[in-house]
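# Observations on the three-dimensional arrangement
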Amino acid sequence: MKTPSFFRRSELTSTLWAFRQEFLIVGVLSFLTNLLMLAPTIYMLQVFDRVLSSGSELTLVAVSLITLFLFGVMALSEWMRSRVLVRAGMQFDDQLSTRVFNASFEAYLGQSSTNPSRAFSDLIQIRQFLTGNGIFALFDAPWAPIYIAVTFFLHPWLGVLSLVFAVVQAALAWFGHRHTVAPAEDANAAVTDSTNYLQSKLRNSEVLESMGMVGNLLGRWDQKYQIALAKNASTLSLTHRVTAVSKFIRYTQQSLSLGAGALLVIDGQLSPGAMIAANVLMGRALAPIDQLVGTWRGFVTTRSAFDRLEKLLTEFPERDPALSRVAPTGEVTLRGVVANALGRTTPILKGISFAVPAGTVVAVLGPSGSGKSTLARVIVGIWPDVTGDVLLDGLPISGWNRMDLGPHIGYLPQDVELFEGSIAENIARLGDVDPTKVIEAARSAGLHEMILRFPKGYDTPIGEAGGLLSGGQRQRIGLARAIYGNPALIVLDEPNANLDDAGETALLRTVAELKAKGKTVLLITHRPGAIAVADRLMILRDGEIVANGPRDAVIAALRSTTASVETPTSAVQPA
Ligand code: ATP
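Summarised in this report is the structure supplied together with it.

Cut-offs and rules
- Residues numbered from 1 in each chain as written.
- Predicted model: local features only at pLDDT ≥ 70, side-chain atom pairs only at ≥ 80, totals over all residues.
- Heavy atoms only, no water.
- Helix = DSSP H or I, 4+ residues; strand = E, 2+ residues; numbered from the N terminus.
- Rg over C-alpha atoms; globule rule 2.2 N^0.38 Å.
- Buried < 20%, exposed > 50% of the residue type's maximum accessible area, 1.4 Å probe, protein only.
- Contact = heavy atoms within 4.5 Å.
- Areas by Shrake-Rupley, 256 points an atom, 1.4 Å probe, with all protein chains shown as cover.
- Pairing = 2+ DSSP bridges.
- Axes fitted to C-alpha atoms, helices over the stretch in contact; angles between N-to-C directions.
- Salt bridge = Lys/Arg side-chain N within 4 Å of Asp/Glu carboxyl O.
- Polar contact = N/O pair within 3.5 Å; in protein donor to acceptor, adjacent residues only side chain to side chain.
- Parallel < 35°, antiparallel > 145°, perpendicular 65-115°, else oblique.
- Nonpolar A, V, L, I, M, F, W, Y, C, P; charged D, E, K, R; others polar.
- Near = heavy atom within 4 Å.
- Patch = residues over 30% accessible without salt bridge, like charges linked within 9 Å, V, L, I, M, F, W, Y side chains within 5 Å.
- Right-handed = clockwise from strand over helix to strand, strands pointing away.

## Notes on the overall build of the protein chain
- Across its full length, the protein chain carries 19 helices and 10 strands.
- The C-alpha radius of gyration computed for the protein chain amounts to 35 Å, which surpasses the reference 25 Å derived for 575 residues by more than 25%, pointing to a less compact arrangement than a globule.
- Its C-alpha atoms give the protein chain principal-axis dimensions of about 120 × 60 × 50 Å.
- Burial statistics for the protein chain: of 575 residues in total, 42% are counted as buried.
- Counting contacts in the protein chain only where the partners sit at least 6 residues apart, residues at least 24 apart contribute 74% of the total.
- Of the roughly 29,600 Å² of accessible surface on the protein chain, a fraction of 61% belongs to carbon and sulfur atoms.

## Overview of the sheet that holds strand E6 (residues 409-412)
- Spatially, 6 strands are ordered E6-E7-E8-E3-E9-E10 in an open sheet, and the strand pairing comes out mixed. With one partner strand each, in any of the chains shown, E6 and strand E10 (544-550) form the two edges of the open sheet. Across the sheet, the axes of successive neighbouring strands diverge by a mean angle of 15°, strand direction being ignored.
- By the bridge criterion, 5 bridges tie strand E7 (residues 489-493) to strand E8 (residues 520-524) in an arrangement that is parallel. Bridge pairing in E8 links Asp 493 to Ile 524.
- Sitting on the sheet, helix H17 (residues 471-483) touches E6 and E7, and the angle it makes with E6 is about 165°.
- Each of strand E9 (536-541) and E10 is contacted by helix H19 (residues 551-560), which is oriented at about 120° to E10, the strand it contacts most.

## What to know about the pattern of salt bridges
- Tallied over the full model, the rule gives 11 salt bridges.
- A salt bridge links Lys 517 to Glu 440; its shortest N-O distance comes to 3.6 Å. A residue pair is termed long-range when its members are at least 10 positions apart, and Lys 517 in the loop between helix H18 (501-516) and E8 and Glu 440 in helix H15 (residues 435-444) qualify at 77 residues.
- Overall, the relative accessible area of 37% leaves Lys 517 in the partly exposed class.

## Brief notes about the side chain of Thr 235
- Relative to the elements of secondary structure, Thr 235 occurs in helix H10 (residues 214-266).
- Separated by 2.7 Å, the side chain of Thr 235 and the backbone oxygen of Lys 231 make a polar contact.
- Ignoring anything within four residues of it in the chain, the contact list for Thr 235 reads Thr 180, Pro 183, Ala 184, Ala 187 and Arg 297.

## What to know about the packing of helix H3 (residues 39-54) against helix H4 (residues 57-109)
- Between H3 and H4, the shortest axis-to-axis distance is 10 Å and the interhelical angle comes to 175°. One way to sum up the angle between H3 and H4 is to call them roughly antiparallel. The residues of H4 that touch H3, namely those facing Ala 39, Pro 40, Tyr 43, Gln 46, Val 47, Arg 50 and Val 51, are Thr 59, Leu 60, Val 63, Ser 64, Thr 67, Leu 70 and Phe 71.
- Considered class by class, the residues forming the contact of H3 with H4 number 9 nonpolar, 4 polar and 1 charged.

## Observations regarding the site of the ligand
- As a matter of local geometry, the ligand sits amid 16 residues, with Ser 368, Lys 372, Ser 373, Thr 374 and Gln 414 nearest to it.
- Between the ligand and Lys 372 there is a distance of 2.8 Å, counted from an oxygen atom to a side-chain nitrogen or oxygen.
- Here an oxygen atom of the ligand and a side-chain polar atom of Glu 494 are 3.5 Å apart.
- Protein coverage of the free-state accessible area of the ligand, which is 630 Å², stands at 66%.
- Broken down by class, the residue content of the shell around the ligand amounts to 4 nonpolar, 9 polar and 3 charged.

## Details of a nonpolar patch on the surface
- A surface patch of nonpolar side chains, about 620 Å² in accessible area, is lined by Phe 152, Trp 157, Val 160, Leu 163, Val 164, Val 167 and Val 168.
- At 6 residues, helix H8 (residues 156-202) tops the list of elements feeding residues into the nonpolar patch.
- Positionally, Trp 157 belongs in helix H8.
- Given a relative accessible area of 60%, Trp 157 falls into the exposed group.

## Section: the pairing of strand E4 (residues 386-392)
- In terms of strand pairing, strand E1 (residues 332-339) meets E4 through 6 bridges, oriented antiparallel. Along E4, the bridge assignment pairs Val 332 with Leu 392.
- Between E4 and strand E5 (residues 395-396), which pair antiparallel in sequence order, lie 2 residues; one of them, Asp 393, sits at a positive phi of approximately 55°.

## Looking at the pairing of E7
- Here E7 lies mainly inside the structure; 5 of its 5 residues are buried.
- Burial along E7 is two-sided: the face carrying Leu 489, Val 491 and Asp 493 and the face carrying Ile 490 and Leu 492 are both buried.
- Inspection of the sheet shows E6 paired to E7 by 4 bridges, in the parallel sense. If you follow Gly 410 over to E7, its bridge partner there is Ile 490.
- For the crossover that starts at E7, traverses H18 and ends in the parallel E8, the hand is right-handed.

## As for the environment of Leu 392
- By the element assignment, Leu 392 lies in strand E4.
- Residue Leu 392 is classed as buried on the basis of its relative accessible area, which comes to 3%.
- Between the alpha carbons of Leu 392 and Ile 379 there is a distance of 8.5 Å; along the sequence they are 13 residues apart.
- When sequence neighbours within four positions are dropped, the list of residues in contact with Leu 392 reads Pro 328, Gly 330, Glu 331, Val 332, Ile 397, Trp 400, Leu 405, Ile 409 and Leu 489.

## Considerations on the sheet that holds strand E2 (residues 349-356)
- The strand order E2-E1-E4-E5 describes an open sheet built from 4 strands, whose pairing is antiparallel. Only two strands of the sheet have a single partner each, and these edge strands are E2 and E5.
- As defined by bridge partners, E1 adjoins E2 across 6 bridges and the pair is classed as antiparallel. If you follow Leu 334 over to E2, its bridge partner there is Phe 354.
- Across the face of the sheet, helix H12 (residues 372-379) comes into contact with E1, E2 and E4 while running at roughly 120° to E1.

What follows is the structure, given as structure tokens:
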């Protein structure tokens, strides 16, 4: 039977729900702790009203020992509930961290409406709240009415007084909530905005410095920063005002309750012991409410963190792990492929169809902005918004488990992004380094001798984004990474853009070797030299294929016509 959507839990809620037993234990321990918090009050009553009046030292010792024991139990149960929560928090994190990692990764790739950069801080926020003071405040809050009931029991007037203070305190908490939630979120967003702005620009620090743009950047960033500061200051000032009023009420309540008790003692309606006990009890009654006010901000932040994370996980559900398949041979087929992007009214690729048999080298040409890089991303299955069929060995590439597919794909993007680590680790795609395979890939990419000239050879750390290497060196390492492990399909997006003649010769030799090994290679290029190694040529213009076929036929067709390249001839297979 299908669960009605109303009762269906989101992934995040189900993960939390799995910890219901732990929360139940914490609830029981909180109950015990709070119950035992009445012990000092009862002790006080006994000392004032029984021990002092009877003068019995034995009673004092007995009462003190019992109270001491109860304190011990209380401390133990408090410690245990923290322990249970900390453990639950670790498990919660453990269960979700891989999921959150994968979902935020896909969100980066997938033009998501959710900002994945906060996903991990959101997860930490939820864990810390659920295992910290926040959750204790929620568990302790129901005890406020019980303490108030006990003060009623001591004297109705004292009960009324504590009720009044509790209502005032709760009203203040509610006011705080109503007036600080939206501004607090607004202020957080403004801070994130200014930080992101600065971080994204600092990546281009060389451009900024060389052209004296730092002053202009400072001005633009400062505008955002000042807005963030102002919003933060006004939210903080309101929060501090609420906290100050709350403190004032608490101090007033402490003294007034003692005064009211004294009045009742003078009237003979209350014993001095009960007066002191009531005073302590009223303080206890307000503590959970006070605690709630204090943790309200945390609660609000956690709630938004929860919503954001839930949205991210819903948008990027877990992929079916059962979809692994046999190793592909590298046959690529596209049928009616349309690639869209956010913020564009027309598609980037407009209904592209072609088939590339395994073991073929295809050179993809076309003017800037014609959609070549987009086609590369579509073929390796990382373009988020695609309609039509993108098939690898006749099966949709989107159906593959990416971890399984990865080793069969080699991809060298235009912007070669290298990672923190050694050259060997980068070539080995950050996995376990297999020296034979790494050297084989480096040799194929014509890189081996060059690497050996580095002081630490393959172990040379290249720093984030390969900052220590030249553009051409980065590109060659990227190429070695793409062909590492002999993948079946290799997509190279302008691999020769930064290469000198020697580099280009090495590249063409690499492509010829790949072809000899039966690999499928898509080579996006602007340079005519690369065409020599291609079996087929494909020419793109404005998101459409204008020529596609065996290399020589396409070249002949292009030569035979004085018209522009967009006229496909009979020798060339129409797109
Ligand atoms: P070049 O030879 O200059 O690298 P290209 O043929 O590889 O160009 P693409 O990078 O595929 O061209 O871009 C094709 C078009 O799609 C361009 O007009 C570009 O502005 C647009 N485009 C590319 N990526 C995105 C994106 N993520 N969002 C929106 N538009 C995009």
